[in-house]
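Architecture and fold: a report
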Amino acid sequence: MKHSNSIKGIIFILLAAFGFSLMTFFVRISGDLPTMQKAFFRNAIALVVAFAILLRSHEKFVIGKGNRLDMFCRCFAGTLGLLANFYAIDHLGIADANMLNKLSPFFAILLSIIILKEIPNQFDIFTTIIAFIGALFIIRPSGNFSAVLPALLGLFGGFGAGTAYVFVRKMGKNGVKAPVIVMCFSLFSCLLTLPYLITNYVPMTAYQWGCLLMAGIAASLGQFSITNAYKYAPAKDISVFDYTQVIFAALLGIFFLGEVPVSLSIVGYAIIICVAIIRWNKNRKVDF
């Protein structure tokens, strides 16, 4: 049974990786639209999907008094991270943007010290430092701030996602259900971006509507697939497969956008993914 659940977990996390890479692809090809507008429609669709799943599952919409601040922090950090990631998607190669966002587990290690009072061991600290060195190959710091800004925002997107994951874990321990968390995040993001949408709305073509619709559907596939993945198997067994999102994004970029990652970016990918594999392998051995 354990082996069967692990296989299911791997399948779901691969689906999640593919869904999130498709989301970044459709956000990118939706064209020259404001980041806030793209984020609103992506989350509006995810909100509808989350609401439908909540109704179907017959789960009660319960946050709990002790979880309200944590929910706000999850929603706020996740929304800022999403906006930063969308900006990076529009201004970087989608593989680079995805890779910087995938630094979120390493940010989560650091933030768990403050939020969950979990002290990482020396190995976790060392691998986190190496991962951020890998990120420097993607960011490629230079004296031209405007050139490096999208990469820095991509890095901040990973920070926002990592912060959100820590609060998701904290609420999960307190019994808050995944559909409730997803729905609250989607609603919060829509409300935060709605004022900008009202005052700065840019008319969209049918093609752009279609792209953002597909981005929302792909994001929902990713969100609920990753929730199911961790239901079937613990993170230490399957988390490394989440990095296939970068491979999916790179292939979409190469075949449909003509984006070939530069050699330094590939070095950065290799460093970060190797560190993730080493951490995953060590965690599995500790379990046995």
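How each quantity is defined
- Residues numbered from 1 in each chain as written.
- Predicted model: local features only at pLDDT ≥ 70, side-chain atom pairs only at ≥ 80, totals over all residues.
- Heavy atoms only, no water.
- Helix = DSSP H or I, 4+ residues; strand = E, 2+ residues; numbered from the N terminus.
- Buried < 20%, exposed > 50% of the residue type's maximum accessible area, 1.4 Å probe, protein only.
- Contact = heavy atoms within 4.5 Å.
- Areas by Shrake-Rupley, 256 points an atom, 1.4 Å probe, with all protein chains shown as cover.
- Lys, Arg positive; Asp, Glu negative; His and termini not counted.
- Charge placed at Lys NZ, Arg CZ, Asp CG, Glu CD.
- Patch = residues over 30% accessible without salt bridge, like charges linked within 9 Å, V, L, I, M, F, W, Y side chains within 5 Å.
- Salt bridge = Lys/Arg side-chain N within 4 Å of Asp/Glu carboxyl O.
- Core = buried A, V, L, I, M, F, W, Y, C linked by side-chain atoms within 4.5 Å.
- pLDDT = per-residue confidence, 0-100.
- Phe/Tyr/Trp six-rings, centres within 6.5 Å; stacked < 30°, edge-to-face > 60°.
- Lys NZ or Arg CZ within 6 Å of the ring centre and 35° of its normal.
- Expected span 1.5 Å × (residues − 1).
- Bend = angle between axes of the 7 residues up to and from the residue.
- Arc of directions from axis to C-beta.
- Polar contact = N/O pair within 3.5 Å; in protein donor to acceptor, adjacent residues only side chain to side chain.

**Some points on the overall build of the chain**
When its secondary structure is counted, the chain shows twelve helices and zero strands. Going from the N terminus to the C terminus, the chain shows its helices and strands as α-α-α-α-α-α-α-α-α-α-α-α. Along the three orthogonal principal directions, the C-alpha set of the chain runs to about 55 × 50 × 35 Å. With 288 residues in all, the chain has 50% of them scored as buried. Residue pairs at least 24 apart in sequence account for 89% of intrachain contacts in the chain once pairs closer than 6 positions are excluded. Entry remark: accessible area of the chain is about 13900 Å², with carbon and sulfur atoms responsible for 72%. When the 23 positive and 11 negative side-chain charges of the chain are each reduced to one mean point, those points stand 8 Å apart.

**Some words on a nonpolar patch on the surface**
A cluster of nonpolar side chains, Ile247, Leu251, Ile254, Phe255, Phe256 and Val260, forms an exposed patch at the surface whose accessible area comes to about 650 Å². Tracing the backbone shows isoleucine 254 in helix H11 (residues 244–257).

**Considering the nonpolar core**
Core analysis: the biggest nonpolar cluster contains 63 residues, and Met71, Leu100, Leu103 and Phe106 have the highest contact counts within it. Aside from chain neighbours lying at most four places away, what touches leucine 103 is Ala131, Phe132, Ala135, Leu155 and Ile272. Listed in part, the seven residues of the second largest apolar core include Phe40, Phe41, Cys190 and Leu212.

**Section: the confidence of the model for the chain**
The predicted model of the chain averages 87 in pLDDT, with 93% of residues at 70 or higher. Helix H10 (residues 235–238) is the least confidently modelled element of the chain, averaging 67 in pLDDT, while helix H3 (residues 68–91) averages 94, the highest of any element.

**Concerning the packing of aromatic side chains**
Taken as a whole, this structure holds eleven aromatic pairs when the rule is applied. Relative to phenylalanine 26, the ring of phenylalanine 25 has its centre 5.5 Å away and its plane inclined at 65°; by these criteria the two rings are edge-to-face. Exposure class is identical for phenylalanine 25 and phenylalanine 26. Each is buried. Here a set of aromatic residues connected by ring pairs shows up, and it is made of Phe107, Phe132, Phe156 and Phe159. We note arginine 74 situated over the ring of phenylalanine 185; from NZ or CZ to the ring centre the distance is 4.3 Å.

**Details of helix H8 (residues 178–200)**
Between its first and last C-alpha, H8 extends 33 Å over 23 residues, near the 33 Å set by a 1.5 Å rise per residue. In the structure, H8 departs most strongly from a straight axis at threonine 193, where the bend amounts to approximately 40° and where the proline proline 195 lies between one and four residues downstream.

**A look at helix H6 (residues 122–139)**
Helix length check: H6, at 18 residues, gives a terminal C-alpha distance of 26 Å against a target of 26 Å (1.5 Å per residue), a fit within 8%. Those residues of H6 that fall on the buried side of the exposure criterion are Asp124, Thr127, Thr128, Ala131, Gly134, Ala135, Ile138 and Ile139. Projected down its long axis, H6 carries its buried residues within an arc of 145°, all on one side. In H6, the exposed positions angled more than 90 degrees off the buried face are occupied by Gln122 and Phe126. Capping the start of H6 is the job of one residue whose side-chain oxygen sits 3.1 Å from the backbone nitrogen of phenylalanine 123: asparagine 121. One or two positions beyond H6, positive phi appears at arginine 140, with a value near 50°.

**Structural notes on the side chain of glutamine 223**
Along the chain, glutamine 223 turns up in helix H9 (residues 206–232). The contact partners of glutamine 223, leaving out residues within four places of it in the chain, are Phe20 and Val182.

**Quick word on the pattern of salt bridges**
Two side chains carrying opposite charge are able to pair once their charged atoms lie near each other. Under the definition given, this model contains five salt bridges. Between aspartate 70 and lysine 170 there is a salt bridge, and its shortest N-O distance comes to 3.5 Å. One end of the pair, aspartate 70, is in helix H3; the other, lysine 170, is in helix H7 (residues 145–173), and 100 residues separate them in sequence. Residue aspartate 70 is classed as buried on the basis of its relative accessible area, which comes to 6%.

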